[in-house]
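Tertiary structure, described
So the chains spell out like this:
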Amino acid sequence: MSIKVLSGKVFLVVTGASRGIGKQLAISIGSVLEKGSHMLLLATNLNALKETAKNIPASVSVDTVSADLAKTTKDKLHDIIMQSLKDQTLHQFDRVVVIHNVGSLGPMNQCTNDLTDINMWHDYYDLNVFVPAILNGVIMQIFNEKTNTEKLIINITSLYGIKPGKYLSYYCSGKAAREMFFKVFAVENPEINVLNYSPGPVETDMYYEICNDLADKQVKTEFKDMLTKKTVLTCEQTVNRLLTVLKEQKYKSGDHVDYYDEL
Ligand SMILES: NC(=O)c1ccc[n+]([C@@H]2O[C@H](COP(=O)([O-])OP(=O)(O)OC[C@H]3O[C@@H](n4cnc5c(N)ncnc54)[C@H](OP(=O)(O)O)[C@@H]3O)[C@@H](O)[C@H]2O)c1
């Protein structure tokens, strides 16, 4: 599939690329990149990242870095990126693509009135909102206007970023905050292509966490039913849909596009 917004020599960063949707994003997008492109895959599990990298064509160089994205800093992120780019000049890239995929659910058995522990809020927002915002800023500062590089930024969001779910305050509010951050980023940077992609219900570890731990019994049953009826999506299905969305370019920068949307 030829996709204009992924064409040319690309520097691609994918967070949470060790498993689930992020792994498939790295493999599928890595497979359509032009020779000489370079990828940086981040997550905590280095061995699993290396497994992801094995599925990417040899014409694309891949760096795998273990980083706890809940506990990192601006300087550490800057070092990781500069280290990954050490053999390349910034000008050799036509395009930078960043996929903010990392995500976690947080506890799913407490209602809003019980969420009074500030440290729990900090931990959740560090990984799901603050670090993605900081990582994005660091990359934008490295590839500033002087580098004249096209940019595509994809935030993996959720239906839960626009629809409340019981016992999912951390997840829903975090997804909403992160999505709005990228909407603001889009209006401030009209030359940058920004997409908030909501992947639909996808069979990953996160999906099983909901099936096992969500305190809302009705929704938990609905999630389990999708497994039994095989209506839950595969990682491949949702990433293929994303590739079609990217190819067709019918969205406006900053839009929330869901797997099931008819664009
Ligand atoms: N699955 C769904 O149905 C669904 C639906 C809507 C939206 N989404 C969104 O899609 C994205 C991917 O979800 P998924 O289902 O693929 O999740 P997943 O299977 O739980 O994978 C999460 C990824 O994030 C990484 N990660 C978690 N904590 C990390 C940390 N502290 N530092 C660095 N990396 C960390 C994990 O790698 P390590 O374990 O190696 O650190 C893993 O690669 C998330 O943003 C999620 O909210 C998923």
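Relevant structure appears above.
Residues numbered from 1 in each chain as written. Predicted model: local features only at pLDDT ≥ 70, side-chain atom pairs only at ≥ 80, totals over all residues. Heavy atoms only, no water.

**A closer look at the side chain of His100**
Checked against the element boundaries, His100 lands in strand 4 (residues 95-100). Not counting residues up to four positions away in its chain, the partners in contact with His100 are Thr15, Pro132, Leu135, Asn136, Ile153, Ile154, Asn155, Ile156, Arg178 and Phe182. (Helix = DSSP H or I, 4+ residues; strand = E, 2+ residues; numbered from the N terminus. Contact = heavy atoms within 4.5 Å.)

**Overview of the sheet that holds strand 7 (residues 256-258)**
Pairing in this open sheet of seven strands is parallel, and the strands run 3-2-1-4-5-6-7 from one edge to the other. Every other strand in the sheet has two partners, leaving strand 3 (61-66) and strand 7 as the edge strands with one partner each. Taken over all neighbouring pairs, the strand axes of this sheet differ in orientation by 15 degrees on average, direction set aside. With six bridges joining them, strand 2 (residues 38-43) and strand 3 adopt parallel strand pairing. In the strand pairing of strand 3, Ala43 is matched with Ser66. (Pairing = 2+ DSSP bridges. Axes fitted to C-alpha atoms, helices over the stretch in contact; angles between N-to-C directions.)

**Topic: empty space enclosed by the protein**
The rolling of a water-molecule-sized probe over the atoms marks out the regions of remaining empty space. Across all of its chains, the model carries one cavity of 30 Å³ or more by this definition. Considered as a void within the structure, the largest cavity measures approximately 30 Å³ in volume. Together, Thr15, Leu69, His100, Val102, Leu127, Val131, Pro132 and Leu135 line the largest cavity. With four residues, helix 4 (residues 118-142) is the largest single contributor of residues to the lining of the largest cavity. Residues belonging to the lining of the largest cavity are distributed by class as follows: six nonpolar, two polar and no charged. (1 Å grid on protein atoms, 1.4 Å probe; cavity = no way out; pocket = protein on both sides within 12 Å on 5 of 7 lines; lining within 4 Å. Points joined across faces, edges and corners; volume = space filled by probe spheres on them. Nonpolar A, V, L, I, M, F, W, Y, C, P; charged D, E, K, R; others polar.)

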